[in-house]
Amino acid sequence: MQITGNTVFIPGATSGIGLALALRLQAAGNTVIVGGRRTELLARIAAEHPGITTAQIDTTDPESVATAAKEVLASHPDLNVLVTMAGMMRAEDWRTPGGFLESAEATFATNVLGPIRLLAAFVEHLRSRPDATIMTVSSGLAFAPLAATPSYNASKAAIHMLSESVRLQLAGTSVRVVELEPPAVRTDLLPGQSDSPFAMPLDAFVDEVMTLLETEPDATEIQVENVKFLRYGEVRGDYAEVVATLNRLDPHGS
Ligand SMILES: NC(=O)c1ccc[n+]([C@@H]2O[C@H](COP(=O)([O-])OP(=O)(O)OC[C@H]3O[C@@H](n4cnc5c(N)ncnc54)[C@H](OP(=O)(O)O)[C@@H]3O)[C@@H](O)[C@H]2O)c1
């Protein structure tokens, strides 16, 4: 992906990685539209960062996705990058139905159906642009499981395989599919995560992501150094050790 001159929509950028990436992309010379549910944050972001526009969107609600897509495409017909950032993470206990069912349904609605709905709403438009990118957001946990968060891990594994598959179908079109694979990063994704010693500082993470986008414009997976421990356990042959270390070190983190 070229790092400048794009028009980028990031549903899921009212906080955390999405907001940090939105601000870096704007500073790098892109037009950025920030999306999310929390209207007070959308208003504050628009006020504090002239040039950034906002769109209210709930990616678990098909009507909201359709309405937001219509608005964003009407105001930004040159949109050429979609970042499916919106996500959630919850600890669950799969030993009793009361410990996981509602959480599992909500996690899949947000982390899997949300990106699917966004792709459905934008893919035709993106195909009409000469140079377009869909950036999906998985996780190191797509490749090694954290025991506390089964639905989250599985939802991100689904995003990994969806990204791989859709990329094959879009090969030969103007749309590239890039998968961002964050390691644990200090955000409010889980309680206690924003100051977890096991998570990367947000600024350092986004710095490294911007460098990778700039220096490896044809990369299909954006992997900062810290995620490679989780990402390549199977390839290296130390998967069992990776899973043991992850769950020993970071019983609650992402
Ligand atoms: N932080 C990590 O360690 C880490 C690691 C790997 C992957 N990730 C992934 O990175 C992405 C961003 O997470 P984060 O760490 O930056 O956490 P965050 O600060 O909690 O950000 C989550 C974002 O998603 C939005 N969102 C959640 N549900 C939504 C919905 N139904 N509709 C629209 N927007 C929704 C939130 O906005 P509203 O609440 O305003 O809607 C917020 O902007 C997620 O996909 C997460 O799984 C994070």
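Residues numbered from 1 in each chain as written. Predicted model: local features only at pLDDT ≥ 70, side-chain atom pairs only at ≥ 80, totals over all residues. Heavy atoms only, no water.

1. What to know about the pairing of strand β6 (residues 175-180)
How we decide: We call a residue buried when its accessible area falls under 20% of the maximum for its residue type, exposed when it is over 50%, and partly exposed in between, using a 1.4 Å probe and counting protein chains only. To qualify as a helix, a DSSP run of H or I must reach at least 4 residues; to qualify as a strand, a run of E must reach at least 2; elements of each kind are numbered from the N terminus. Think of it this way: DSSP has to see at least two bridges between two strands before they count as a pair.
By the criterion of burial, β6 is predominantly enclosed, with five of the six residues buried. Bridge count for strand β5 (residues 132-137) against β6 is six bridges, and the pairing is parallel. Bridge assignment links A132 to a residue of β6, and that residue is V175. As defined by bridge partners, β6 adjoins strand β7 (residues 221-222) across two bridges and the pair is classed as parallel. Residue pairing across strands places L180 opposite I222, the latter belonging to β7.

2. Details of helix α1 (residues 16-27)
Residues lying three or four places apart along an α-helix face the same way, a consequence of the helix completing one turn every 3.6 residues. Quick note on the threshold: Expected span of a helix, by definition, is 1.5 Å for each gap between consecutive residues, and there is one gap fewer than residues. By the convention used here, residues are in contact when the closest approach between their heavy atoms is within 4.5 Å.
In a regular helix each residue adds 1.5 Å, so 12 residues correspond to 16 Å; α1 covers 17 Å between its end C-alpha atoms and thus fits that length. Among the residues making up α1, those that are buried are I17, G18, L19, A20, L21, A22 and L25. Turning to α1, the residues buried within the fold contact β1 (7-11), β2 (31-36), α2 (39-48), β5 and α6 (202-215). A positive backbone phi angle near 100 degrees is found at G29, which sits one or two residues after α1.

3. A look at empty space enclosed by the protein
As a reminder, the rule being used: Lining residues are those with an atom within 4 Å of a point, where the points come from a 1 Å grid over the protein atoms alone and group into cavities, where a 1.4 Å probe fits but cannot get out, or pockets, open sets with protein on both sides within 12 Å along at least five of seven lines. Grid points are joined across faces, edges and corners, and a volume is the space filled by probe spheres set on the points. Note on residue categories: nonpolar means Ala, Val, Leu, Ile, Met, Phe, Trp, Tyr, Cys or Pro, charged means Asp, Glu, Lys or Arg, and polar means any other residue, Gly included.
Scanning the entire structure with this criterion turns up one cavity of 30 Å³ or more. In this structure, the largest cavity spans a volume of roughly 30 Å³. Around the largest cavity, the lining residues are L119, T136, L162, S163, V166 and V177. Looking at the lining of the largest cavity element by element, the count peaks at three residues for helix α5 (residues 150-170). Grouping the constituent residues of the lining of the largest cavity by class yields four nonpolar, two polar and no charged.

4. Describing α6
We apply this condition: Note that the arc is defined by the directions from the helix axis to the C-beta atoms.
Counted at 1.5 Å a residue, the expected span for α6 with its 14 residues is 20 Å, and the 20 Å between its end C-alpha atoms agrees. Here α6 has its buried residues at F205, V206, V209, M210, L212 and L213. Down the axis of α6, the buried side of the element spans an arc of 160 degrees, and every buried residue falls inside it. Exposed residues on α6 whose side chains face more than 90 degrees from its buried face are E214 and T215. In this structure, the buried side of α6 is in contact with α1, β5, β6 and β7.

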